[in-house]
Amino acid sequence: GRVSGAVIVFHDVSEARAMAQKMAHMARHDFLTGLANRTLLYERLEHAMRLRERNVLAVGVLALDLNDFKLVNDTFGHHAGDELLIGVADRLTGCVRTGDTVARLGGDEFVVLVEDSADQSQLVANRVLGAFDEPFTIDGHEMSMLPSLGLAIAGADEPDLSVDELLRRADVAMYASKALRTRGVQTFTPQMGLAGMAGNGMANDGVRRAPLRSAAT
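Residues numbered from 1 in each chain as written. Predicted model: local features only at pLDDT ≥ 70, side-chain atom pairs only at ≥ 80, totals over all residues. Heavy atoms only, no water.

Chemist: Run through the packing of aromatic side chains, naming residues and quoting values.
Modeler: According to the stated counting rule, one finds one aromatic pair in the structure shown. Here Arg91 stacks its cationic end above the ring of Phe136, 3.7 Å away from the centre of that ring. (Phe/Tyr/Trp six-rings, centres within 6.5 Å; stacked < 30°, edge-to-face > 60°. Lys NZ or Arg CZ within 6 Å of the ring centre and 35° of its normal.)

If you want it as structure tokens, here you go:
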């Protein structure tokens, strides 16, 4: 009787531990794509910024959203939109190394965190750009998506740069990319005004039309 009781208690504790681990994972990951969510991104960014100060490394943040994502939802439905987001997440994951972080902040907004040199951040950004060269096949339709990509890099020359400011800079650069409506990566510079670029980017969101056609044609 004592042995059985001990086994039951052990089983209950194991289940509770597994449930706690599952809940902790869900709290830090996006439910749709399995990527890191905003909470986990902030944790890793804060850690990366602390390491940067000690190891004199750069921290790169690539902000990304999909031009005309609303058009996909409106034309093919939210199921197709979700499948597209999962496909984007898979491609982004394929562009980074094990130690880098890909996060989905919500909707069609993604962030890639690169902990290394400025050159490595640029390399990853170019890989991400190239990942959209091939169309996505969703529900029998090919969808050619053009992302807006903004890169911000925290170097050793700015020891007091905050996580929020680094994310803001990446966002500003992304809206600069959106305003240009061309294929490429925009890297943040101090000349990029937040108000002007963000306003133009939001105003132009959805202007560009992604080619949508049947995969069979």
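Having seen it, we continue.
Chemist: If you had to explain the sheet that holds strand β6 (residues 147-154) to someone new, which residues and values would you point to?
Modeler: The strands making up a sheet associate through hydrogen bonds between their backbones, and the pairing can be parallel or antiparallel. Taken in spatial order, the five strands of this open sheet run β2-β3-β1-β6-β7, and their pairing is mixed. Only two strands of the sheet have a single neighbouring strand rather than two, namely β2 (101-106) and β7 (185-187). Between one strand axis and the next, the sheet turns by 20° as a mean value, whatever way the strands run. Packed onto the sheet, helix α2 (residues 38-55) meets β1 (58-66), β2, β3 (109-116) and β6 and runs at close to 25° relative to β3. (Pairing = 2+ DSSP bridges. Helix = DSSP H or I, 4+ residues; strand = E, 2+ residues; numbered from the N terminus. Axes fitted to C-alpha atoms, helices over the stretch in contact; angles between N-to-C directions. Contact = heavy atoms within 4.5 Å.)

Chemist: Residue-level account of the nonpolar core, with values.
Modeler: Residues Leu66, Leu84, Val128 and Phe132 are the most contacted members of the largest nonpolar core, which totals 30 residues. The biggest single contributor to this core is helix α4 (residues 78-93), with six residues. Judged by nonpolar contacts, the second largest core, of 26 residues, contains Met49, Ala63, Ala152 and Ala173. (Core = buried A, V, L, I, M, F, W, Y, C linked by side-chain atoms within 4.5 Å. Buried < 20%, exposed > 50% of the residue type's maximum accessible area, 1.4 Å probe, protein only.)

Chemist: For the pairing of β1, give the residues involved together with the corresponding values.
Modeler: The buried fraction of β1 amounts to nine of the nine residues, a majority that puts the element mostly inside the structure. What you see with β1 is no split at all: Ala58, Gly60, Leu62, Leu64 and Leu66 on one side and Val59, Val61, Ala63 and Asp65 on the other are buried throughout. Pairing of β1 with β3, which is carried by seven bridges, proceeds in the antiparallel orientation. Bridge pairing in β3 links Val59 to Glu115. Where β1 and β6 come together, eight bridges link them in antiparallel fashion. When the sheet's bridge partners are listed, Val59 is paired in β6 with Ala154.

Chemist: Before we move on, could you go through the pattern of salt bridges and cite the residues and values that matter?
Modeler: Taken as a whole and judged by the stated rule, the model has ten salt bridges. The structure contains a network of salt bridges with shared partners spanning Glu158, Glu165, Arg168 and Arg169. (Salt bridge = Lys/Arg side-chain N within 4 Å of Asp/Glu carboxyl O.)

Chemist: Account for α2, naming residues and giving values.
Modeler: An ideal rise of 1.5 Å per residue puts 26 Å on 18 residues; α2 measures up with 25 Å between its terminal C-alpha atoms. All of the buried residues along α2 are Leu40, Leu41, Leu45, Ala48, Met49 and Arg52. Looking down the long axis of α2, one finds its buried residues gathered within 165° of arc, a one-sided arrangement. Opposite the buried face of α2, by more than 90 degrees, sit the exposed residues Glu53 and Arg54. (Expected span 1.5 Å × (residues − 1). Arc of directions from axis to C-beta.)

Chemist: Lay out the packing of α2 against helix α6 (residues 163-180) in plain terms, naming residues and giving numbers.
Modeler: Close contact between α2 and α6 brings their axes to 10 Å; oriented N to C, the two are set at 110°. Classified by the interaxial angle, the pair formed by α2 and α6 is roughly perpendicular. Taken together, the residues of α6 that come into contact with α2 (itself represented by Leu41, Tyr42, Leu45, Glu46 and Met49) are Val163, Asp164, Leu166 and Leu167. Split by residue class, the contact of α2 with α6 holds seven nonpolar, no polar and two charged. (Parallel < 35°, antiparallel > 145°, perpendicular 65-115°, else oblique. Nonpolar A, V, L, I, M, F, W, Y, C, P; charged D, E, K, R; others polar.)

Chemist: Describe the side chain of Ser148, naming the residues involved and giving the relevant values.
Modeler: Here Ser148 lies in strand β6. Classification of Ser148 as buried rests on a relative accessible area of 0%. One polar contact links Ser148 to Lys178, side chain to side chain, over a distance of 3.5 Å. Setting aside residues no more than four positions away along its own chain, Ser148 makes contact with Ala63, Leu64, Asp65, Asn67, Met174, Ser177 and Lys178. (Polar contact = N/O pair within 3.5 Å; in protein donor to acceptor, adjacent residues only side chain to side chain.)

Everything listed here is a matter of geometry and, on its own, says nothing about what the molecule does.
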